[in-house]
Amino acid sequence: FVFVKGTTVRLTGTQAEKFVRARMGLADDTNLSRMRRQRDYMDSFQKCAKEAINTDSEFVLKLLEKMGEYLQSKPTGQQLSDLIVQLDQSQISPIRVPVGELIEGAQHYEFYVDEASLWEILKNAYCE
């Protein structure tokens, strides 16, 4: 499967896994590029999940049924209802990437972070 920039596709199964995990053989095979694709996937997934929740009253029950053997707890109806409301109203926080320099090393890319940029991210995440 080939991903073409600018096209819209619905990723499922191994396609989704390749999109969020692949690095080798890509034009930009850095981890930063992979992290951007993971964020794109998460944003799109959240949008699709909200649409499904709002258009299909049985969606969460169907989802839980498919996930049944993988679940480690048995949520109550009220807990599920609360979770659905929280999911519908939530936003995933943006991924903050510090400024830095990406240099190709002998075996791997190396990222040298700008410490002031990193400190700003930490302050904003934990001190506000």
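Scroll up to find the structure this text is about.
Residues numbered from 1 in each chain as written. Predicted model: local features only at pLDDT ≥ 70, side-chain atom pairs only at ≥ 80, totals over all residues. Heavy atoms only, no water.

> An account of the pattern of salt bridges is requested, with residue identities and associated values reported.
For the coordinates displayed, the defined rule picks out 4 salt bridges. We note a salt bridge from Asp56 to Lys62, for which the minimum N-O separation is 2.9 Å. Residue Asp56 is classed as partly exposed on the basis of its relative accessible area of 23%. Glu120 is the partner of Lys123 in a salt bridge, and the nearest nitrogen-oxygen pair spans 2.8 Å. One end of the pair, Lys123, and the other, Glu120, are both in helix H5 (residues 115-126), 3 residues apart, so they sit about a helical turn from each other. With relative accessibility at 29%, the residue Lys123 sits in the partly exposed group. (Salt bridge = Lys/Arg side-chain N within 4 Å of Asp/Glu carboxyl O. Buried < 20%, exposed > 50% of the residue type's maximum accessible area, 1.4 Å probe, protein only. Helix = DSSP H or I, 4+ residues; strand = E, 2+ residues; numbered from the N terminus.)

> Run through the packing of aromatic side chains, naming residues and quoting values.
This model, assessed by the stated rule, comprises 1 aromatic pair. Between Tyr41 and Phe45, the aromatic rings sit 6.5 Å apart at their centres with planes inclined by 20 degrees, giving stacked as the arrangement. One end of the pair is Tyr41 and the other is Phe45, both in helix H2 (residues 31-55) and 4 residues apart, which spans about a single turn. (Phe/Tyr/Trp six-rings, centres within 6.5 Å; stacked < 30°, edge-to-face > 60°.)

> I'd like a rundown of the side chain of Ser117, residues and numbers included.
Tracing the sequence through the fold places Ser117 in helix H5. Discounting chain neighbours no more than four positions away, the residues touching Ser117 are Pro98 and Val99. (Contact = heavy atoms within 4.5 Å.)

It is worth stressing that arrangement in space is one thing and function is another; only the former is reported here.
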